[in-house]
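# What the coordinates show
What follows is the residue order along each chain.
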Amino acid sequence: MTRHESRQEAFCLLFEKTFTDMDLDEIIQGATETRDLQVNDFTLKLAKGTIEHLDEIDQLIESKLKNWKLSRISKVSLSILRIAVYELKYMDDVPTNVSINEAVELAKQYANEDDYSFINGVLGAIAKELNLNKK
């Protein structure tokens, strides 16, 4: 499984988590049984790490929203943003431009037509604040 596919799986898990109080392990078990979810270490690291740092990630996202609240962002876009912010802030082995590009690609695939530019802008502002120059 490629890292792109792992991100897609992590996105699906986090998106589902926005609709339920179920534990992530329960969501993974259900997804494994019903849709043949393939979970590798990278998928688990993204999904579990994002949930573990969710409050901090959401605060960082909200700090970059102009005239918006977190609750106004679609659940699809929010799930994508959360994964990317986790990568930007907590994963030193993933280059900044890769994290942002992957989020934009997920948005083009799963979100509304204009959401990818919104996601790109928010992530660019976050990367700048974190002073990220990971290559």
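If you're wondering where the values come from, they're calculated on a predicted model, not measured in any experiment.

Moving on to the overall build of the chain. In terms of helices and strands, the chain carries seven helices and zero strands. In sequence order, the chain lays out its α and β elements as α-α-α-α-α-α-α. Principal axes of the C-alpha set define a box for the chain whose edges measure 40 × 30 × 25 Å. Each of the 135 residues in the chain was classed as buried or not, and the buried ones make up 43%. Contacts spanning at least 24 positions in sequence make up 74% of the contacts within the chain whose residues lie at least 6 apart. Computed over 17 positive and 24 negative side-chain charges, the separation of the two mean positions in the chain equals 8 Å.

Across the interface, helix H5 (residues 75–90) lies against helix H6 (residues 96–110) with an axial gap of 9 Å and an inter-helix angle of 170 degrees. By the criterion of interaxial angle, the relationship of H5 to H6 is roughly antiparallel. Remark: the crossing between H5 and H6 carries right-handed chirality. Along the contact surface, H5 presents Val-76, Ile-80, Ala-84, Glu-87 and Leu-88, while H6 presents Thr-96, Ser-99, Ile-100, Ala-103, Leu-106, Ala-107 and Tyr-110. In the contact of H5 with H6, the residues fall into nine nonpolar, two polar and one charged.

Let's shift gears to the layout of surface pockets. In this structure, the largest pocket spans a volume of roughly 170 Å³. Around the largest pocket, the lining residues are Leu-14, Lys-17, Thr-18, Ile-51, Leu-54, Leu-70, Ser-71, Ile-73, Lys-75, Leu-78 and Arg-82. The element that contributes the greatest number of residues to the lining of the largest pocket is H5, accounting for three residues. Of the residues contributing to the lining of the largest pocket, the split by class is six nonpolar, two polar and three charged.

All right, on to H5 then. Helix length check: H5, at 16 residues, gives a terminal C-alpha distance of 22 Å against a target of 22 Å (1.5 Å per residue), a fit within 8%. Extensive coverage of H5 is indicated by the burial of 13 of its 16 residues.

Once that is clear, we can look at the side chain of Asp-58. Mapped onto the elements of the fold, Asp-58 is located in helix H4 (residues 54–63). Looking at Asp-58, the relative accessible area reads 12%, which means it is buried. Those residues in contact with Asp-58, other than ones at most four positions away along the chain, are Leu-70, Leu-78 and Arg-82.

What counts, and at which threshold
- Residues numbered from 1 in each chain as written.
- Predicted model: local features only at pLDDT ≥ 70, side-chain atom pairs only at ≥ 80, totals over all residues.
- Heavy atoms only, no water.
- Helix = DSSP H or I, 4+ residues; strand = E, 2+ residues; numbered from the N terminus.
- Buried < 20%, exposed > 50% of the residue type's maximum accessible area, 1.4 Å probe, protein only.
- Contact = heavy atoms within 4.5 Å.
- Lys, Arg positive; Asp, Glu negative; His and termini not counted.
- Charge placed at Lys NZ, Arg CZ, Asp CG, Glu CD.
- Axes fitted to C-alpha atoms, helices over the stretch in contact; angles between N-to-C directions.
- Parallel < 35°, antiparallel > 145°, perpendicular 65-115°, else oblique.
- Left-handed = near helix turned anticlockwise from the far one by under 90°.
- Nonpolar A, V, L, I, M, F, W, Y, C, P; charged D, E, K, R; others polar.
- 1 Å grid on protein atoms, 1.4 Å probe; cavity = no way out; pocket = protein on both sides within 12 Å on 5 of 7 lines; lining within 4 Å.
- Points joined across faces, edges and corners; volume = space filled by probe spheres on them.
- Expected span 1.5 Å × (residues − 1).

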